[in-house]
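Results of the structural survey
Read off the chains here:
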Amino acid sequence: MEELVGRWWHQAVTKLARLEHPVAAVQLMDMQKTIGIFFRAAGGAAALRFTPASMQAVGGQRHWLQKLAGSGQRADTAQLEPDVLALPATLAVFDDVQLNRDLYLWLAMLSACFEPSGDWIGDNVHATQAALAQFPGFAARYQSLLQAHLAQRPKLQRQGGKKAQVEAAVQSALRNQVAGELSGQPQEVAAVWLWLSGSATSAVTRPAGQKAAAASQQAAALKDQQRRRSQTTSHEQSRNAMVLPFRAEALMSWSEMVHVSRSTDDEEDGNALNAANDMDKLSVAPDGQTLASRVKFDLDLPSSSADDTPVGAGIALPEWDYRRAVLQPAHCRVQVMQAQNCAPFIPPAALRLTARRLRRRLEVLRDAPRVVHGQDSGDDIDLDAWVRFHADQLDAATPCSDTPPIYTRRARLDRSLATLLLADLSLSTDAYATEQARVIDVIRDALFVFGEALHAAGDPFAIWGFSSVRRQHVRMQHLKTFAEPWSDASRARVGAVKPGYYTRMGAAIRHATLQLADRPERKRLLMLLTDGKPNDLDVYEGRYGLEDTRQAVREAHAAGLIPFCVTIDEKAHDYLPMLFGQNGYAMVRQPQDLVRQLTQAWATLSRR
C-alpha cells in the first residue's frame, strides 16, 4: 500500500511540475521525413541518422514544484554527433502546434550549418547566422520562435553569481547582441531549445576483434530502445583485483567508472536501467579479453570440399571511403561461386500456380501497346511536350511549327530491356519471416517466380546472389547469366541458395553494374532484393557501408542503369531514401507478398 501511494504521489507531483503543453505536442516520427528534406536541402550529410535525443543535464532556476518532484534537472535537447542528429522525441515546449513544428524545422537547418569547436555559445551563434543567411524566408518564423523562447527564459534578477552571468550571455547571444567573449555550457543554464549541443569527436572505434564479436552478437529482442551517449574509457588492469577502491577526499557516485569484471552468468540487475537513465554518459571500456579466450560463433569459410565451387580467379573492384572522400582502387575482391550437385528444384503447387498467373500477366504486358510521347499527332495531349513547346515559342528566334510534337499515342513497339536481379543471401536471411518460412525461403520463391515471369516476357535477364566475409572475399552466387537460358539447371541453382556470411552491398552492386554496362539494350534495370543494411566484419558497418553503397548506386546511375531496391526491412525508410532516392525502392510489409510485389515493381519499371 505504501508503495502504491508513493508511486501515485510521485506521478501526480511530477505531472503538476511539468512545463510542457501536451495539447500542442508534435512527435518526431511524424516530422522525420520533413526534417530530412530540410536538413539535406541545407547541405547536411546524407548519411546522418535521425534518432530521439537522450536526457542531458541542464541548469537554471527551478520552480518549487520542480524541486518537490525532483524534476527540471534534465532535458532531451537537440544533440549533434558525427553520425547522428538526436532530436527530442516529442516537442511540447510552446503552447502552439505550429511553433513546435517550426522548432523541429529550425533545428534541422541549424544542425546542417553547425560546426562544433568546443565553444557552445559561439558555435550556435555562427550556425544561426549561417542558417538564416541560407534560408532568409524562415526569418519571420525564427523571430516568432525566438520571442516565445525568450519569454520562457529565467529572469536575470532572480539569479546570481556564475549562473546569472552565463544566462545573461545566452540571452545576449539569442538576441544577437554579442559583445566580447561569451562562455558557458548547456549544464549551466536552463534548456536552450533553439540551440544544439555538438561533439567534435569522431565515432568510437573498436579493435577488429571486438567488431567481429559485436557483429556476431545481434540483440534480437531489446527491452529498452532508448539511445544514450557514451564515452570511451581506458582502464589498466589492477594487480590487486580484490582490493576495493578507497578515496578519502570524496564519495564516489555511480557515474564514475569502476572496473568490475562481472561474470556473464550473473543475474541481471533490475536497477541497471534506472541508473543508466540518470547518467549523462555511459562509460565504455574494453574488458581486456581477446576473441581466442571466448567461445563464440564465427563465420569462417567452410572447407573447399563443403563449399561451393569458385569460378575464375576473382575480380578486383574499388570501394568508397567517405572519411577521405577517395575511391580506393582494387580494394575488394569479388569471387563468383557456383553450387555443386544441385538437386532438381520442385516448387510446391501453390508456388507453381502463382508463377503461372504472373507469367500470363507479363505475356499480356509484352504484347500490349505502349504510350509513345512527343508525337505530331495522337490521341491525347503530352503535357510535358506542350510545356516545352510553349516555352520555346516565347523565344523569337525559335521557328514556328505547324505540326508541333505535343501529342501521345499508343502503339506496339519492340522493347529493348535487360534486367539483373541481385539477391541478398547473407546470414540474416536465415531468420524466420513467418511462422512457417524463413526469409531465405521467401527469397527463393521470389527468385523462382521472377525467373518464370521474365522468361515468359521474353526479355533478357540475369539472377545473382551475394554475400561476403570481409573485403577480400565478396561472394557472387551464380544463378543465371544473360548468356544462359532459363532452364532446369537455373531453377536447381535457385533452389539450392542458402544463407551465410555478411552483406557487402557496394561491391555486389558494382559487379552487377559491370555486367549490365555491356548490354546493348536501351533500358537496363538493376534490381536489388535485400532484408537489411549493408554490413561486414571489418569497417563495413554503419555510415561506412551506407556511404559506399550510395556511391555504388551513383556509379550505376552514371552508367545509364536504373537501380531499384525491394526490401522487407521494417526500418528501410531510415536509410534507403539516402541510398536509392525517394522513388528508388519499395518496402514489402508482409514477407509473403514479396513474390507479387517484386514482379509488380519490375512491370512498373519496364513501362517507364
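Predicted, not measured: the structure shown is a model, and the values here were computed from it. Residue positions are given per chain, counting from 1 as you read along its sequence in written order. It should be noted that, the model being predicted, local features are given only for residues of pLDDT at least 70 and side-chain atom pairs only at 80 or more, the latter also being counted only at that level, while totals for whole chains, interfaces and linings use all residues. Neither water nor hydrogens contribute to the side-chain values; these are computed over all heavy atoms in the structure.

Moving on to helix H14 (residues 505–517). Here H14 spans 18 Å end to end across 13 residues, near enough to the 18 Å set by a 1.5 Å rise per residue. Exposure categories follow from relative accessible area, calculated using a 1.4 Å probe and restricted to protein chains: below 20% of the type maximum is buried, above 50% is exposed, and the middle band is partly exposed. Numbering of helices and strands runs from the N terminus; a helix is a DSSP stretch of H or I covering at least four residues, while a strand is a stretch of E covering at least two. Most of H14 is tucked away, with 11 of its 13 residues classed as buried. Of all the residues in H14, the buried ones are Met-505, Gly-506, Ala-507, Ala-508, Ile-509, Arg-510, His-511, Ala-512, Thr-513, Gln-515 and Leu-516. Multiplying 1.5 Å by the residue count of a helix minus one yields the expected span of that helix.

This brings us to helix H15 (residues 543–558). An α-helical segment advances 3.6 residues per turn. Residues three or four places apart therefore align on the same side. Counted at 1.5 Å a residue, the expected span for H15 with its 16 residues is 22 Å, and the 22 Å between its end C-alpha atoms agrees. The complete set of buried residues in H15 reads Arg-543, Tyr-544, Gly-545, Leu-546, Glu-547, Asp-548, Thr-549, Arg-550, Gln-551, Ala-552, Val-553 and Ala-556. Note on definitions: a residue-residue contact is assigned when non-hydrogen atoms from the two residues lie within 4.5 Å. In this structure, the buried side of H15 is in contact with strand S11 (309–321), strand S12 (326–338), H14, strand S19 (523–530), strand S20 (562–567) and helix H16 (576–580). Residue Gly-560 follows H15 closely and has a positive phi angle near 85 degrees.

We now examine the environment of Asp-384. The topology assignment puts Asp-384 in helix H11 (residues 383–393). Note: C-alpha distance between Asp-384 and Tyr-407 (23 residues apart in sequence) is 9.7 Å.

Another point: the packing of helix H4 (residues 97–113) against helix H6 (residues 139–152). Interaxial distance between H4 and H6 falls to 10 Å at its minimum, and their mutual angle equals 110 degrees. One way to sum up the angle between H4 and H6 is to call them roughly perpendicular. When you trace H4 past H6, the crossing you get is left-handed. Contacts between H4 and H6 involve Gln-98, Leu-99, Asp-102, Leu-103, Leu-105 and Trp-106 from the former and Arg-141, Tyr-142, Ser-144, Leu-145 and Ala-148 from the latter. Among the residues forming the contact of H4 with H6, the class breakdown is seven nonpolar, two polar and two charged. Axis geometry follows a simple rule: fit a line to the C-alpha atoms, using only the stretch in contact for helices, then measure angles between N-to-C directions, giving values from 0 to 180 degrees. Geometric relationships in this document are graded by angle, where less than 35 degrees denotes roughly parallel, more than 145 denotes roughly antiparallel, 65 to 115 denotes roughly perpendicular, and other angles denote oblique. Each crossing gets its hand from how the near helix is turned against the far one by less than a right angle, where anticlockwise is left-handed and clockwise is right-handed. Each residue gets one of three labels, nonpolar for Ala, Val, Leu, Ile, Met, Phe, Trp, Tyr, Cys and Pro, charged for Asp, Glu, Lys and Arg, and polar for the others, Gly among them.

Another point: the pattern of salt bridges. Every case where a carboxyl oxygen of Asp or Glu lies within 4 Å of a side-chain nitrogen of Lys or Arg is listed as a salt bridge. If you walk through the whole model with that rule in mind, you get 20 salt bridges. Residue Asp-321 pairs with Arg-324 through a salt bridge whose shortest N-O separation is 3.2 Å. Here Asp-321 falls in the buried class, since its relative accessible area comes to 4%. Taking relative accessible area as the criterion, Arg-324 reaches 52% and is therefore assigned exposed. A salt bridge links Arg-510 to Glu-555, with the nearest nitrogen and oxygen atoms 3.0 Å apart. Of the two residues, Arg-510 is situated in helix H14 and Glu-555 in helix H15; the sequence distance between them amounts to 45 residues.

With that settled, the discussion passes to the sheet that holds strand S18 (residues 474–480). Spatial strand order, S11-S12-S18-S17-S16-S19-S20-S21: eight strands in an open sheet with mixed pairing. Looking along the sheet, the strands with just one partner apiece sit at the ends: S11 and strand S21 (585–587). Each neighbouring strand pair of the sheet contributes to a mean axis angle of 25 degrees, computed without reference to strand direction. With nine bridges connecting them, S11 and S12 associate as antiparallel partners. Within S12, the position partnered with Glu-319 by the bridge is Gln-328. Contacting S11, S12, strand S16 (417–424), strand S17 (461–468), S18 and S19, H14 runs over the sheet at an angle of about 155 degrees to S19. Strand pairing requires that DSSP identify at least two bridges connecting the strands.

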